[in-house]
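Observations on the model geometry
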Protein chains: 2
Amino acid sequence: MLQRPDVEPQERTPAAPRLRKLDSFPGSLAARTYQSLREAILHLAYRPGELLRKGDICAELGVSRSPVSEAIARLAAEGLVDVVPQAGTFVARFSMAEIREGAFLREAIELAAIEMIAPAITEEQLVQLRRNIRVQEALVEDADFAGFYKLDAEMHAMILSFTGYRKLGQVAESAWLHVNRARQQVLPVPGRVAATLEEHQAILVALEARDPDRAREELRWHLRQLMTFLVPLERERPDLFDPD
Amino acid sequence: MLQRPDVEPQERTPAAPRLRKLDSFPGSLAARTYQSLREAILHLAYRPGELLRKGDICAELGVSRSPVSEAIARLAAEGLVDVVPQAGTFVARFSMAEIREGAFLREAIELAAIEMIAPAITEEQLVQLRRNIRVQEALVEDADFAGFYKLDAEMHAMILSFTGYRKLGQVAESAWLHVNRARQQVLPVPGRVAATLEEHQAILVALEARDPDRAREELRWHLRQLMTFLVPLERERPDLFDPD
DNA sequence: CCTTTGTAACATGTTAGCATGTTAGTGTGG
DNA sequence: CCACACTAACATGCTAACATGTTACAAAGG
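The structure reproduced in this document is the subject of the present report. (Residues numbered from 1 in each chain as written. Chains lettered and ligands numbered in written order. Predicted model: local features only at pLDDT ≥ 70, side-chain atom pairs only at ≥ 80, totals over all residues. Heavy atoms only, no water.)

The next thing to look at is the side chain of B:Thr196. Residues and elements named next belong to chain B. Considering the arrangement of structural elements, one finds Thr196 in helix α8 (residues 192-208). A relative accessible area of 6% means that Thr196 is categorised as buried. The residues contacting Thr196, other than those within four sequence positions of it, are Phe148, Asp152 and His222. (Helix = DSSP H or I, 4+ residues; strand = E, 2+ residues; numbered from the N terminus. Buried < 20%, exposed > 50% of the residue type's maximum accessible area, 1.4 Å probe, protein only. Contact = heavy atoms within 4.5 Å.)

Below, the discussion takes up the pairing of strand β3 (residues 88-91) of chain A. Residue and element names in this part refer to chain A. On β3, burial covers both faces: Gly88 and Phe90 on one face and Thr89 and Val91 on the other are all buried. Note: strand β1 (residues 51-52) against β3, 2 bridges, orientation antiparallel. Note that in β3 the partner of Leu51 across the bridge is Phe90. When strand β2 (residues 81-84) meets β3, the two strands line up antiparallel, connected through 4 bridges. For Asp82, the partnering residue across the bridge sits in β3 and is Phe90. (Pairing = 2+ DSSP bridges.)

Residues and elements named next belong to chain A. Counted at 1.5 Å a residue, the expected span for helix α6 (residues 145-161) with its 17 residues is 24 Å, and the 24 Å between its end C-alpha atoms agrees. Those residues of α6 that sit buried are Gly147, Phe148, Leu151, Asp152, Met155, His156, Met158, Ile159 and Leu160. On the buried face of α6, the contacting elements are α4 (96-117), α5 (123-141), α7 (168-183), α8 (192-208) and α9 (212-236). You can read the cap of α6 off the contacts: a side-chain oxygen lies 2.8 Å from the backbone nitrogen of Gly147, and it is on Asp144. (Expected span 1.5 Å × (residues − 1). Polar contact = N/O pair within 3.5 Å; in protein donor to acceptor, adjacent residues only side chain to side chain.)

Another point: the protein's contact with DNA strand D. In the region of DNA strand D, 26 residues are neighbours, and A:Leu29, A:Ser64, A:Ser66, B:Arg53 and B:Lys54 sit closest. Within 4 Å of the protein, the atoms of DNA strand D are drawn from sugar and phosphate moieties in a proportion of 69%. In this structure, a base oxygen belonging to DNA strand D sits 2.6 Å away from a side-chain N or O atom of A:Gln86. Take B:Arg53: an N or O atom from its side chain is 2.4 Å from a phosphate oxygen of DNA strand D. Those elements that provide at least two residues to the surface near DNA strand D are α1 (29-42) and α3 (65-77) of chain A together with β2 (88-91) of chain B. The element contributing the most residues to the surface near DNA strand D is α3(A), with 3 residues. A class-by-class count of the residues in the surface near DNA strand D yields 13 nonpolar, 8 polar and 5 charged. (Near = heavy atom within 4 Å. Nonpolar A, V, L, I, M, F, W, Y, C, P; charged D, E, K, R; others polar.)

On to the interface of chain B and chain A, then. Taken together, the contacts link 26 residues of chain B with 26 residues of chain A. Both faces combined, the contact of chain B with chain A buries some 2,300 Å², and carbon together with sulfur accounts for 63% of it. It is B:Glu101, B:Phe104 and B:Tyr165 in chain B that bury the most area against chain A; as a group they hold 27% of the surface buried on that side. At the junction of chain B and chain A, the tally comes to 6 salt bridges. Between A:Lys167 and B:Glu98 there is a salt bridge; the shortest N-O distance is 2.6 Å. Our count for the chain B to chain A interface comes out at 8 residue pairs in polar contact (both at pLDDT 80 or more). Elements with a contribution of two residues or more to the side of chain B that touches chain A: α3 (65-77), α4 (96-117), α7 (168-183) and α9 (212-236) of chain B. The greatest single-element share of the side of chain B that touches chain A, amounting to 12 residues, is contributed by α4(B). Partitioned by chemical class, the residues of the side of chain B that touches chain A number 13 nonpolar, 2 polar and 11 charged. (Buried area = accessible area lost by both parts, 1.4 Å probe. Salt bridge = Lys/Arg side-chain N within 4 Å of Asp/Glu carboxyl O.)

Another aspect to go through is unusual backbone geometry. Residue and element names in this part refer to chain B. Residue Gln86 is not a glycine yet carries a positive backbone phi of 65°. Its location among the elements puts Gln86 in the loop between β1 (81-84) and β2. When its relative accessible area of 86% is taken as the criterion, Gln86 is described as exposed. One non-glycine residue, Ala143, lies in the positive phi region at around 55°. Within the secondary structure, Ala143 is located in the loop between α5 (123-141) and α6 (145-161). Looking at Ala143, the relative accessible area reads 47%, which means it is partly exposed.

What follows deals with the protein's contact with DNA strand C. Around DNA strand C, 25 residues are found, and the nearest of them are A:Arg53, A:Lys54, B:Leu29, B:Ser64 and B:Ser66. The contact atoms of DNA strand C, taken as those within 4 Å of the protein, divide so that sugar and phosphate hold 69%. With respect to DNA strand C, the backbone of A:Leu52 contributes an N or O atom lying 3.1 Å from a phosphate oxygen. One nitrogen or oxygen atom from the side chain of B:Gln86 is found 2.6 Å from a base oxygen belonging to DNA strand C. Elements with a contribution of two residues or more to the surface near DNA strand C: β1 and β3 of chain A together with α1 (29-42) and α3 of chain B. Broken down by element, the residue count for the surface near DNA strand C peaks at 3 residues, all from α3(B).

Time to look at the sheet that holds β1(A). Residue and element names in this part refer to chain A. With respect to topology, 3 strands assemble into an open sheet ordered β1-β3-β2, the strand pairing being antiparallel. Strands with a single pairing partner mark the edges of an open sheet, and in this sheet they are β1 and β2. On top of the sheet, α3 reaches β1, β2 and β3; it is set at about 115° to β2, its chief contact. (Axes fitted to C-alpha atoms, helices over the stretch in contact; angles between N-to-C directions.)

This part covers the relation of the copies chain B and chain A. After a rotation of 180° and a shift along the axis of 0.0 Å, chain B superposes on chain A with an RMSD of 0.0 Å. As the rotation angle and translation indicate, the two copies are arranged about a two-fold axis. A high fraction, 100%, of the interface residues of chain B reappear at the interface in chain A, so the copies pair face to face through one surface. (Least-squares fit on C-alpha atoms with pLDDT ≥ 70 in both.)

So yeah, pure geometry; function would need other evidence.
Okay, structure coming up:
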């Protein structure tokens, strides 16, 4: 059993359940197992670098090893776990290279999407965006940061959905996975949420003007702010990062 | 056993081997199986819509059902196969929607990449591109179309690699999967290869000028040409397509 | 005390067989 | 002839157990 020398010893605690029960999800056992594990990893229920024992997952979810192996293979393909054959499976640690790459991809996708939709955005679509921003404003007043991030994500997803490309949201989310996982480790920065809201408002204004160039620039500026907060994380928490 | 009513009956021929042997690949049996199957699907060794029996794959590769199931799960997550639980697993047919979306994604990624590298492209990188185009020129003279497409793909991969983002080539390739599978069904169009070469040369000129806007426009034009040839394919070969 | 070797514990990989659901074909009844 | 029910064949899903490789720890030797 592998112990990574730069990680604290991992005790076999009688684990508090960390995986949502499978009856919460649709599909085959393997598919359900994948969804439950993925969710837990994305929400940092497992620490980056932590050992994931297939046996423990089987016990917690009440399934045998095959569906768990299938699920792990998919998560490995997504870069969310690292499988060391015959030795251990670890929750992937953050990687600044992957974070940068994910941010690049998401930016490429979102800028292309907003450029595509801006010239011909419908009044209906603008109404939806305005509503979302109205809710964001209320959440900022209430200092409800979790709620705000949810609406933030919804706004981005909405813009992608306006392209009519069905999988684009998924692809962008996949690109954002590693960034988003790390983001949860960054303490809230005073003023950042208010600034984010202003950036969203500027994007809306550009879309209302149906100006693709303006929209691109405002969105690009907005997307690039998060990286400025993630970069110090590697210094503060090297244990969570792969040595790139 | 599922028979799709719009597909010809599928006979159980003693199959000519269609999968590359597993000793060609590294890693676990499951990973090797995945690679061999993926390659076969991408090269259209299996017809879109064709039934893939896990049992036949097990027999051909000489492995049991678990590694095959893992491999199929990964391919399903990539959209290369459709699994109908308890009934059958089918090679994914082309989908014009997925093709369009793949082309959009690839364009977004490649345009972002070329915009990023153009201002500071090195002489060494330009040398590599010039070499590639020199070989392309020779292949066009020799009417070696397969060779030409290989150099075409290498040129695109090269540009992506200049970003320094390690997975970008993979991600762009994933986006291009469905497009590329369909492309193989399009007969060579007279003059298209020569036109492609000219487009490549125009991209190189823009990069030599370190002009990101010009490079973007030349690359965008180039990438959009292929779609003009793919659109009629759906009319000519509806059997290969999902009804989107 | 340090190094090397051997072994047990640990974890994943894979196989063989049972469980479950789907589909096609056949037979029976109206 | 057509519709329905039943059954066998087909295909995948999953489990239990064996196979294989890794790692940590203990013991022996220098």
